[in-house]
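# Observations on the model geometry
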Amino acid sequence: MTVIQSSQIAQLPVMGEAAQQSYPTATLYVVATPIGNVTDITLRALHLLALADVVACEDTRKTGALLTRFGLSKQMLAAHQHNEREVAEKLIERLRHGERVALVSDAGTPAVSDPGARIVDAVRAAGLNVVPLPGASAAVAAISASGLVNDRFHFVGFLPAKAKQRETELAALKPLAATLVIYEAPHRIVDCVEALAAVFEPARQVVFARELTKLFEEIHRCPLGEALAWVKADANRERGEFVVLVEGAAPDADAGDAEALRILDILLAECSVKQAASLAAQITGRKKNALYELALQRKRA
Ligand code: SAM
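These numbers come from a predicted model, not from an experiment.

### Brief notes about the domain arrangement of the protein chain
- Under the domain assignment used here, the protein chain contains domain 1 (6-136), domain 2 (139-246) and domain 3 (253-300).
- A separation of 27 Å is found between the C-alpha centroids of domain 2 and domain 3.

As structure tokens, this is what we get:
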């Protein structure tokens with residue numbers, strides 16, 4: 001067996017292979033960028049960025065600094081939440097002239113709790129080619145290192161900032177059997193954990209994936225009942241970026257999964273709570289009493 005030293009990796013044939021991939025013109029490339037560690041960029045992304053005629057990005061300073069780290073200098077176009085439609089028109093024009101356009105966000109995968117979806121939608125609607133260049137995303141990195149054993153996850157992204165709306169959303173998520181994936185800003189992490197503790201059972205496992213791929217990366221798993229104490233035990237834990245994972249509901253712990261909830265909501269729009277629970281029980285085979293409780297919660301929300 002040939003043993004390759006890390007110093008030899010730069011000479012591996014795969015480095016050349018990335019250059020030989022097809023990078024068609026007149027195409028929008030949706031390019032994932034690192035979520036912290038600058039070396040978490042794919043070979044294909046690097047080649048495409050080198051070839052791109054223009055890079056659409058959230059913040060030209062941040063993306064400019066990233067490109068500089070890769071030795072690149074590119075024309076950039078600011079594409080943020082408030083101007084995506086206008087930018088899309090400009091990009092469509094450029095794509096029609098045969099350009100290669102890269103779309104990036106500040107970190108991770110565009111259109112995942114980040115701008116980009118409207119641009120992709122408009123470009124696709126114009127009949128133009130869109131190619132994803134996959135790479136880092138905080139949600140997937142957190143799930144992969146969590147050890148939570150579940151084939152399903154439900155991507156929540158950012159919870160509402162307002163307490164009442166957040167509570168309503170969490171109550172609706174409580175019965176889901178899938179792992180919940182929540183993005184949270186550092187200044188709201190305490191509020192987030194308090195809100196989780198008010199709605200979910202204290203025995204549910206939670207995983208904090210903090211500062212992933214960065215110097216102070218920390219991945220901590222504990223029962224929800226111990227989570228607030230963990231966050232407060234170190235002031236640094238209210239800094240940095242977080243993904244919070246919440247273990248899904250135990251299969252028979254509650255009435256609902258996403259499908260039962262969907263059916264219940266449709267029925268609630270037409271029937272009384274009692275009738276909706278009874279019909280939902282017949283359709284889903286789940287317990288009527290549990291569905292009744294759930295229907296009451298949905299009505300109150
Ligand atoms: N598009 C990105 C992705 O693919 O993951 C997400 C962008 S969203 C605006 C930023 C949020 O992602 C942060 O508030 C945090 O919840 C999460 N995040 C981003 N980078 C992270 C990191 N290095 N460690 C932990 N969470 C991170």
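### Looking at the nonpolar core
- Grouped together as the largest cluster of nonpolar side chains are 39 residues, with contacts concentrated most on Leu170, Ile182, Ile189, Leu196, Phe200, Phe208 and Leu264.
- Residue contributions to this core reach at least three from each of two domains, namely domain 2 (139-246) and domain 3 (253-300).
- Excluding anything up to four places from it in sequence, leucine 170 contacts Leu159, Ala195, Leu196, Val199 and Phe200.
- Ala18, Tyr23, Ala52 and Leu66 belong to the second-largest nonpolar core, a separate cluster that totals 20 residues.

### Notes on the sheet that holds strand E4 (residues 100-103)
- Judged by pairing direction, the sheet is parallel, and its 5 strands sit side by side in the order E3-E2-E4-E1-E5 without closing on themselves. Each edge of the open sheet is held by one strand with a lone partner, namely strand E3 (76-78) and strand E5 (129-133). Taking the axes of each pair of neighbouring strands and ignoring which way they run, one obtains an average angle of 25° across the sheet.
- In this structure, strand E1 (residues 27-31) lies alongside E4, joined through 4 bridges in parallel fashion. Each bridged residue has a counterpart across the sheet, and for leucine 28 the counterpart in E4 is valine 101.

### Structural notes on the site of the ligand
- Neighbouring the ligand are 19 residues, the closest being Val112, Asp114, Ser137, Tyr183 and Phe242.
- One of the backbone nitrogen or oxygen atoms of leucine 212 is found 2.9 Å away from a nitrogen atom of the ligand.
- Protein burial of the ligand: of its 570 Å² of free accessible surface, 92% is covered by the chains.
- According to the grid-proximity analysis, the pocket containing the ligand is the largest pocket.
- Elements supplying a minimum of two residues to the shell around the ligand: strand E7 (179-184) and strand E10 (242-246).
- In terms of residue class, the shell around the ligand is built from 10 nonpolar, 4 polar and 5 charged.
- Summarising the domain contributions, the shell around the ligand has at least three residues from each of domain 1 (6-136) and domain 2 (139-246).

### Quick word on the sheet that holds strand E9 (residues 218-223)
- One open sheet accounts for 5 strands, arranged E6-E7-E10-E8-E9; its pairing is mixed. The strands lining the two open edges of the sheet, one partner per strand, are strand E6 (153-158) and E9. Averaged over all adjacent pairs, the angle separating strand axes in this sheet is 15°, with direction ignored.
- For strand E8 (residues 205-210) and E9, the ladder comprises 6 bridges, and the chain directions are antiparallel. Across the sheet, glutamine 205 pairs through a bridge with proline 223, a residue of E9.
- The strands that helix H6 (residues 138-146) touches are E6, E7, E8, E9 and E10; relative to E10, the one it contacts most, it runs at about 50°.
- Packed on one face of the sheet, helix H9 (residues 224-232) meets E8 and E9 and runs near 140° to E9.

### Some words on the pairing of E6
- In the sheet, E6 pairs with E7 via 5 bridges, with the strands oriented parallel. By the bridge assignment, phenylalanine 155 is partnered in E7 with valine 181.
- Crossover E6 to E7 through helix H7 (residues 163-173) is right-handed.

### Side note on the side chain of threonine 179
- You can see threonine 179 is positioned in strand E7.
- In contact with threonine 179, not counting residues within four places along its chain, are Leu148, Asn150, Arg152, Phe153, His154, Leu245, Val246 and Gly248.

### Things to note about the packing of aromatic side chains
- Scanning the entire structure with this criterion turns up 4 aromatic pairs.
- Relative to tyrosine 183, the ring of phenylalanine 155 lies with its centre 5.2 Å away and its plane at 85°, an arrangement referred to as edge-to-face. Note that phenylalanine 155 is positioned in strand E6 and tyrosine 183 in strand E7, a separation of 28 residues in sequence.
- Ring centres 6.2 Å apart and planes at 80° place the aromatic pair phenylalanine 208 and phenylalanine 242 in the edge-to-face group. Pair noted here: phenylalanine 208 is in strand E8 and phenylalanine 242 is in strand E10, with a separation of 34 residues, a long-range link.

### Looking at unusual backbone geometry
- One non-glycine residue, serine 113, lies in the positive phi region at around 50°.
- Phi is positive for threonine 213, which is not a glycine, with a value near 70°.
- For threonine 213, the location among the structural elements is in the loop between E8 and E9.
- Relative accessible area serves as the criterion here: at 23%, threonine 213 is assigned to the partly exposed category.

What counts, and at which threshold
- Residues numbered from 1 in each chain as written.
- Predicted model: local features only at pLDDT ≥ 70, side-chain atom pairs only at ≥ 80, totals over all residues.
- Heavy atoms only, no water.
- Domains from an automatic or database assignment.
- Core = buried A, V, L, I, M, F, W, Y, C linked by side-chain atoms within 4.5 Å.
- Buried < 20%, exposed > 50% of the residue type's maximum accessible area, 1.4 Å probe, protein only.
- Contact = heavy atoms within 4.5 Å.
- Pairing = 2+ DSSP bridges.
- Helix = DSSP H or I, 4+ residues; strand = E, 2+ residues; numbered from the N terminus.
- Axes fitted to C-alpha atoms, helices over the stretch in contact; angles between N-to-C directions.
- Near = heavy atom within 4 Å.
- Polar contact = N/O pair within 3.5 Å; in protein donor to acceptor, adjacent residues only side chain to side chain.
- Areas by Shrake-Rupley, 256 points an atom, 1.4 Å probe, with all protein chains shown as cover.
- 1 Å grid on protein atoms, 1.4 Å probe; cavity = no way out; pocket = protein on both sides within 12 Å on 5 of 7 lines; lining within 4 Å.
- Sits in = over half its atoms within 2 Å of the grid points.
- Nonpolar A, V, L, I, M, F, W, Y, C, P; charged D, E, K, R; others polar.
- Right-handed = clockwise from strand over helix to strand, strands pointing away.
- Phe/Tyr/Trp six-rings, centres within 6.5 Å; stacked < 30°, edge-to-face > 60°.

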